[in-house]
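Working through the structure, step by step
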Amino acid sequence: MSFFGFGQSADIDIILNDAETRKKAEHKSEDGRKDKYFLFYDGETVSGKVNVTLKYPGKRLEHNGIKIEFVGQIELYYDRGNHHEFVSLVKDLARPGELTQSQTFDFEFTHVEKPYESYTGQNVKLRYFLRATVGRRLNDISKELDIVVHTLSTYPELNSSIKMEVGIEDCLHIEFEYNKSKYHLKDVIVGKIYFLLVRIKIKHMEIDIIKRETTGTGPNVYHENDTMAKYEIMDGAPVRGESIPIRLFLAGYEMTPTMRDINKKFSVRYYLNLVLIDEEERRYFKQQEITLWRKGDIVRKSMSHQAIIASQRFEGSSNPEKSQTPSNAEEDKN
């Protein structure tokens, strides 16, 4: 509403051109609630319409210009209000003037770069949104539409296994082995635990998946650990020479890809944490980092032409450490 409630005002709606056919993805908000948002990938065009509907027909609406923005930004919760924008595109829809009736404006952001995955964590939020604004002298009228971006990755066939040992001299010697060190989000962790020496009474053993979110730099670094999954390996005392198989299905847990040094603002890493508890309630730990990545499980023909072109730029990338390198054309071959 205008200043002091007098004069004309308007409602704004942002409608995507492919809203009826575009896939939606669930995404968690700051308060923990899950909502569905339109899903995009790197390189896809974002286009649609902005509807400006006058509240009072017959009255004119003076404005200082109408525009729409596509924004990708990072917000650190300890530094609220100071948004770090890594993508900022603007399209002018109308020059300063006046509207005498409701009007619709078309917009298109072509082959938009969306380098990072949408993320809402304990101390940081990375979001993408469209913002339409009718500029006013005293108070702008604006509307935002959030979208979700997933980054797809490809990893080479070379994916080394993990072998580790847990030992207390002359008391305990355990080896455990996992089939690989990099897993896609619907993968299965397959491994085996070998008990080579057992002279303390172990009553419980489990594997946890720990998510570690790191935000900030220098003295303002914050770490948040969150246990994403618990897998009980055994409940009871093992004997020397025993081996226990492990199969942990990741699809049932809500995890994101590994995110390393995103825009020099935050990281999200995952660790396998082996926990042993003896009869005197002493706890023994062994931790190993794993890399999680999002596999391209969408069919090529269902993707937009722009997404296929963008993804082809990244095919053949052989650096497994670039977990944030998207490859939208990667088809699920399994």
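Our subject in this report is the structure included herewith. None of the values given here were measured: they were computed from a predicted structure. (Residues numbered from 1 in each chain as written. Predicted model: local features only at pLDDT ≥ 70, side-chain atom pairs only at ≥ 80, totals over all residues. Heavy atoms only, no water.)

**Quick word on the sheet that holds strand β16 (residues 188-198)**
The cut-off we apply is this: Think of it this way: DSSP has to see at least two bridges between two strands before they count as a pair. Secondary structure counts use DSSP, requiring at least four H or I residues in a row for a helix and at least two E residues in a row for a strand, with both numbered from the N terminus. Think of each axis as a best-fit line through the C-alpha atoms, taken over the contacting stretch in the case of a helix, with angles from 0 to 180 degrees between the N-to-C directions.
Read across the sheet, 4 strands follow the order β13-β14-β16-β19 without closing on themselves; strand pairing throughout is antiparallel. With partners counted over all chains shown, the strands left at the sheet margins are β13 (162-168) and β19 (243-249), one partner each. Geometrically, the sheet is characterised by an average inter-axis angle of 20 degrees between neighbouring strands, direction not taken into account. With 7 bridges joining them, β16 and β19 adopt antiparallel strand pairing. Directly across from Lys192, in β19, lies its bridge partner Pro245.

**Structural notes on the pairing of strand β11 (residues 124-134)**
Note the cut-off: Only protein chains enter the accessibility calculation, which uses a 1.4 Å probe; a residue is then buried when its area is under 20% of its type maximum, exposed when over 50%, and partly exposed in between.
With 10 of 11 residues buried, β11 is to be regarded as a mostly interior element. By the bridge criterion, 11 bridges tie strand β6 (residues 66-76) to β11 in an arrangement that is antiparallel. Paired with Gly72 across the strands is Tyr128, a residue of β11. Hairpin connection of strand β10 (residues 119-120) to β11: 3 residues between the antiparallel strands.

**Digging into the nonpolar core**
Applied cut-off: Here, the term nonpolar core denotes a set of buried Ala, Val, Leu, Ile, Met, Phe, Trp, Tyr and Cys residues that are joined through side-chain atoms within 4.5 Å. Contact criterion: two residues are considered in contact whenever any of their non-hydrogen atoms come within 4.5 Å of each other.
Judged by nonpolar contacts, the single largest core of 73 residues is most densely connected at Tyr178 and Ile193. Contact partners of Ile193, with chain neighbours within four places excluded, come to Ile174, Glu175, Phe176, Met205, Ile233, Glu242, Ser243, Ile244, Ile246 and Leu274. Ala25, Leu39, Tyr41 and Val148 belong to the second largest nonpolar core, which has 5 residues in total.

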